[in-house]
Amino acid sequence: MGSIKPDWRVACEAALALGAFDVVNVGLNDNELLHELPRALASESAHVRRCVWEAIGAASERNTATSTALQRAVTPRDDDGSIVPRYEPSTWVRAAMLDADLGFLKHAPDAVVDEEMRTLSAAYSKKSVEERVGFLRGISALDAERALPVLLECVKDPQFVVGETAIEMLAKFPTPQVREALHQILAFGDNGLRLAAVTSLLEMPDASDLEPLTRCYESSSGDGANEIRFNALRCVAKFGGDGARALLMKGLSDASPFVRRVAREELLKLDPKAKEALDGVVYEARPEPLEALALPTYTTNPIVDVVTNRGTMRFELFPEEAPVHVASFLALVAADHYDGTGWH
């Protein structure tokens, strides 16, 4: 990775592939891959650096020998052997770095883990959103006693992307406490958090999920509702039973074609002989009349500047190809809807 200057996308794929096997026992002389890692971390591309850290995190979880060798390889030191603090300008790379550093703790002595946890927890509120995401991904590699209290608390993070990550990581700990927490999240008002809870339950399905998932299915509306509903159907189908079949049958009359498709697929998995009966189920659409839209006309394609704290992005809009999208977007711009919005 270091001697050639490939397309950064190729380097990213190479880095991620590196995390797929044990870099300590790959049959290369003098652990050549370990020597390449520090050089790859010096890449000009933040994408490459992030992927390298992700690979390091994945590989270090395998065993103590791999974790120790990787940690030694990527820890910068002075000539006298003292550790040099890393400087990394990209918040997403720092997030992947934090994730990997916590992965190293999986094989560390308890006293070291506890001390590092106290330090990181104290600094949590000062971290960027991206770093908090990396922290939660990394902490999920630790034992339930240490990870669960943090994950359950961080579900309430004011930044939804952080809360979603905490919910996703809860699936690694299929305990009654986690299941109860996920059931409560299914009733939250934010669809992103609800979807994260549904997908976590997909990893640990149980018949006790039926009622919360049914209520979630029936109450979901707005952006992301279809994704919540078809994942809820897939989840109940995993444990089956009369209640699951009843919800799947309800899915056959959902307004979304994809939700109906998923309902049919899952019903056939539960009972392949039901194909003939399901073929007779016809969805009767009840379209509501729409008022005609008075769309503006443009003599030239509008140009929009998106000003961020990392620079300005300029976009050309194409009203002829997407008249409704362009009109809607510009109306939201005029209403200052995007001011202060975080981009990720």
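Note that the structure is a prediction, hence the values are computed from the model and not measured. (Residues numbered from 1 in each chain as written. Predicted model: local features only at pLDDT ≥ 70, side-chain atom pairs only at ≥ 80, totals over all residues. Heavy atoms only, no water.)

Peer 1: Provide a residue-level description of the overall build of the protein chain, including the pertinent values.
Peer 2: Within the protein chain, the secondary structure is distributed over 17 helices and two strands. Taking all 344 residues of the protein chain together, 39% fall into the buried category. Residue pairs in contact within the protein chain that sit at least 24 positions apart in sequence constitute 60% of those at least 6 positions apart. In the form shown here, the protein chain has an accessible surface area of approximately 20200 Å², with 53% of it arising from carbon and sulfur atoms. Of note, the protein chain has its 36 positive side-chain charges centred 3 Å away from the centre of its 52 negative side-chain charges. (Helix = DSSP H or I, 4+ residues; strand = E, 2+ residues; numbered from the N terminus. Buried < 20%, exposed > 50% of the residue type's maximum accessible area, 1.4 Å probe, protein only. Contact = heavy atoms within 4.5 Å. Areas by Shrake-Rupley, 256 points an atom, 1.4 Å probe, with all protein chains shown as cover. Lys, Arg positive; Asp, Glu negative; His and termini not counted. Charge placed at Lys NZ, Arg CZ, Asp CG, Glu CD.)

Peer 1: Pulling in residues and values, what's your account of the side chain of Arg260?
Peer 2: Structurally, Arg260 can be placed in helix 15 (residues 257-270). Nearest to the buried, unbridged Arg260 among oppositely charged side chains is Asp254, at 6.0 Å. (Salt bridge = Lys/Arg side-chain N within 4 Å of Asp/Glu carboxyl O.)

Peer 1: Give me a nonpolar patch on the surface: which residues, what numbers.
Peer 2: Side chains of Leu293, Leu295 and Val324 sit close together on the surface and give an oily, nonpolar patch of about 270 Å² of accessible area. With respect to the element layout, Leu293 can be found in the loop between helix 16 (275-279) and strand 1 (303-308). The exposure class assigned to Leu293 is exposed, which follows from its relative accessible area of 60%. (Patch = residues over 30% accessible without salt bridge, like charges linked within 9 Å, V, L, I, M, F, W, Y side chains within 5 Å.)

Peer 1: Could you give me a rundown of the environment of Leu195, with the residues and numbers involved?
Peer 2: Checked against the element boundaries, Leu195 lands in helix 11 (residues 191-202). When its relative accessible area of 17% is taken as the criterion, Leu195 is described as buried. With residues up to four places along the chain from it excluded, the contact list for Leu195 reads Glu227, Ile228 and Asn231.

Peer 1: Before we move on, can you summarise the environment of Cys51 with the specific residues and values?
Peer 2: For Cys51, the location among the structural elements is in helix 3 (residues 46-60). Separated by 39 residues in sequence, Cys51 and Cys12 place their C-alpha atoms 5.6 Å apart. Excluding residues that lie within four positions of it along the chain, Cys51 makes contacts with Cys12, Ala15 and Leu16.

Peer 1: Give a description of helix 7 (residues 129-139) that names residues and reports values.
Peer 2: Counting buried residues in helix 7 gives nine out of 11 residues, a clear majority hidden from the surface. Taken residue by residue, helix 7 has Glu130, Glu131, Arg132, Val133, Gly134, Phe135, Leu136, Gly138 and Ile139 as its buried positions. Those residues of helix 7 hidden inside the fold are in contact with helix 5 (91-105), helix 6 (110-123), helix 8 (144-154) and helix 9 (160-170).

Peer 1: Give me the packing of aromatic side chains: which residues, what numbers.
Peer 2: For the structure shown, the criterion picks out three aromatic pairs. Ring centres of Phe329 and Tyr338 lie 5.2 Å apart, and the angle between their planes is 40 degrees; on these two criteria the pair is classed as tilted. Tyr338 gets classed as partly exposed once you look at its relative accessible area, which sits at 30%. For the cation-ring pair, Arg132 lies above Tyr124, with the distance from its terminal atom to the ring centre recorded as 5.6 Å. The lysine or arginine in question, Arg229, covers the ring of Tyr217, its NZ or CZ lying 6.0 Å from the ring centre. (Phe/Tyr/Trp six-rings, centres within 6.5 Å; stacked < 30°, edge-to-face > 60°. Lys NZ or Arg CZ within 6 Å of the ring centre and 35° of its normal.)

Peer 1: Describe the pattern of salt bridges, naming the residues involved and giving the relevant values.
Peer 2: Two side chains bearing opposite charge may form a pair once their charged atoms approach each other closely. Inspection of the entire model under this criterion finds 17 salt bridges. For Glu153, the salt bridge identified is with Lys156, shortest N-O distance 3.3 Å. Residue class for Lys156 comes out exposed when judged on its relative accessible area of 59%. Here Arg261 makes a salt bridge to Glu265, at a shortest N to O gap of 3.1 Å. Highlighted residues: Arg261 and Glu265, both in helix 15, separated by four residues, approximately one helical turn. A single salt-bridge network, built from bridges that share partners, covers Asp110, Asp114, Asp143 and Arg146.

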